[in-house]
Amino acid sequence: MEILLFSLGSQELFGINVFKVKEVCRAMKITRTPNMPHGVDGIVSLRGHIIPVLNLASFLGFDGTIASEQRTMMVAEYSRHILGFLVHHVEHIIRVDWDKVRATEGMLSNNANLITAITELPDGKLVSILDVEQILATAFGEAVVGSVERVENGHEMCVFFVDDSGVARKKIAELLDKMGVKSIQAHNGLEAWERLKTLADGAESSGVRLHDQIQVVLADAEMPEMDGYVLTQNIKSDRRFDGIPVVMHSSLSSDANRAMGRRVGVDYYVPKFDGGALAETLRPLLV
């Protein structure tokens, strides 16, 4: 994982996946609009796009002095949205192995749902990696799961899904519930792999096919402990998972990410969070 490090002018160091950053530039003139969500300073026109600009220091609850000193804008694109993040300054890019990225669940209280993981630099300094999906949902509202046709005999089907974002897990669970399909969930790739191995061991000892218990594995791409690509490799290299397709559900939907998924054996790729596209991808697999 390549992480762009940045500061908000405090002692803390933050990070965002490089794949989600389109560009970094000096903050430009921001136009304020009525009824802006908390932390959103306004909108800017950038290369033909009108994009909202979110002041991360203000959004995360830093005092007004720090919030007023954000002079750099990171332009991020993910989940089919373009959003400007005002920060104090951008430092540099680091590359870390996913197993060095630790989940924060249960570790933090304040702003815990906005930080998806922690990693440590060689000098011992900790980096908080933002949950940008949660930030988008908190600032602008969660995507609505509309009317979804139920799957015939869906109560006999089960989707195993894994995502480190709480808001993503909530939306996936809501969609599967509307489809009438059972589900099992995990919070990161390593947890998912351990649970999947346990299920495979149980099926093997009982003399039944794992495919009869789980019809689809739905995985996020970027997760702490183990990412979706390694998880997919593990699944595809274990014959006990034969016949169980892996669907990658990610806010990283570039051609490069799709190609990486194909190399490790991902069967289908769906961008977050398009409930209709996800439902129609899963439906023919639940038979």
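Residues numbered from 1 in each chain as written. Predicted model: local features only at pLDDT ≥ 70, side-chain atom pairs only at ≥ 80, totals over all residues. Heavy atoms only, no water.

## What about the pairing of strand β7 (residues 81-87)?
Counting buried positions over the seven residues of β7 gives five, a clear majority of the element. Note: strand β5 (residues 49-55) against β7, three bridges, orientation parallel. Across the sheet, residue N55 finds its bridge partner in β7, namely L86. Taken together, the seven bridges between strand β6 (residues 72-78) and β7 define a ladder with antiparallel strand orientation. The residue bridging T72 from the neighbouring strand is V87, located in β7. Linking β6 back to β7 in an antiparallel pair, the connection comprises two residues, with S79 at a positive phi of about 50 degrees. (Buried < 20%, exposed > 50% of the residue type's maximum accessible area, 1.4 Å probe, protein only. Helix = DSSP H or I, 4+ residues; strand = E, 2+ residues; numbered from the N terminus. Pairing = 2+ DSSP bridges.)

## Details of the nonpolar core
With 30 residues, the main nonpolar core has F6, L8, I16, L54, L56 and F85 as its most contacted residues. If you list the elements that add at least two residues to this core, you get β1 (2-7), β2 (13-17), α1 (56-59), α2 (64-67), β6, β7, β10 (115-120) and α3 (132-140). Looking at which element gives the most residues to this core, the answer is α3, with four residues. Leave out the neighbours within four places in its chain, and L56 touches F6, L8, F85, L86, V87, L130 and I135. Residues V159, V181, V216 and L278 belong to the second largest nonpolar core, which totals 20 residues. (Core = buried A, V, L, I, M, F, W, Y, C linked by side-chain atoms within 4.5 Å. Contact = heavy atoms within 4.5 Å.)

## Comments concerning the packing of aromatic side chains
The full count for this structure, using the stated rule, is two aromatic pairs. Each ring, one from F6 and one from F14, has its centre 5.9 Å from the other, and the planes form 20 degrees; the classification is stacked. In terms of burial, F6 and F14 fall into one category: buried. Taking the centre distance of 5.7 Å and the plane angle of 35 degrees together, the rings of W193 and F241 count as tilted. Taken as a pair, W193 in helix α5 (residues 189-206) and F241 in the loop between α6 (228-236) and β15 (246-250) lie far apart in primary sequence, 48 residues in all. Here W193 matches F241 in class, with each residue buried. (Phe/Tyr/Trp six-rings, centres within 6.5 Å; stacked < 30°, edge-to-face > 60°.)

## Digging into the side chain of D163
Structurally, D163 is set in the loop between β12 (158-162) and α4 (166-179). Residue D163 is classed as buried on the basis of its relative accessible area of 0%.

## Observations concerning the sheet that holds strand β4 (residues 40-46)
In sheet architecture, strand pairing relies on hydrogen bonds along the backbone and comes in two forms, parallel and antiparallel. Spatially, β3-β6-β7-β5-β4 is the arrangement adopted by the five strands of the open sheet, whose pairing is mixed. Lying at the two open borders of the sheet, with one neighbouring strand each, are β3 (21-26) and β4. Going across the sheet, the axis of each strand differs from the next one's by a mean of 30 degrees, ignoring polarity. Note that β4 and β5 share six bridges and pair antiparallel. Its bridge partner being in β5, V44 is matched across the sheet by I51. Packing of α3 onto the sheet brings it into contact with β4, β5, β6 and β7, and relative to β7 it is tilted by some 95 degrees. (Axes fitted to C-alpha atoms, helices over the stretch in contact; angles between N-to-C directions.)

## A look at the environment of V101
Looking at the secondary structure, you find V101 in strand β9 (residues 101-103). The sequence separation of V101 and V53 amounts to 48 residues, and the corresponding C-alpha distance is 28 Å. Once residues within four sequence positions are removed from consideration, V101 is found in contact with M1, V96, A117, I118, T119, I129, P224 and E225.

## Considerations on the packing of α4 against helix α8 (residues 275-282)
Contact geometry of α4 with α8 gives a least axis separation of 11 Å together with a crossing angle of 55 degrees. Classified by the angle between their axes, α4 and α8 sit oblique to one another. Between α4 and α8 lies a crossing whose hand is right-handed. Where α4 abuts α8, its residues L175, L176 and M179 lie against G275, L278, A279 and L282. For the contact of α4 with α8, the per-class residue count stands at six nonpolar, one polar and no charged. (Parallel < 35°, antiparallel > 145°, perpendicular 65-115°, else oblique. Left-handed = near helix turned anticlockwise from the far one by under 90°. Nonpolar A, V, L, I, M, F, W, Y, C, P; charged D, E, K, R; others polar.)

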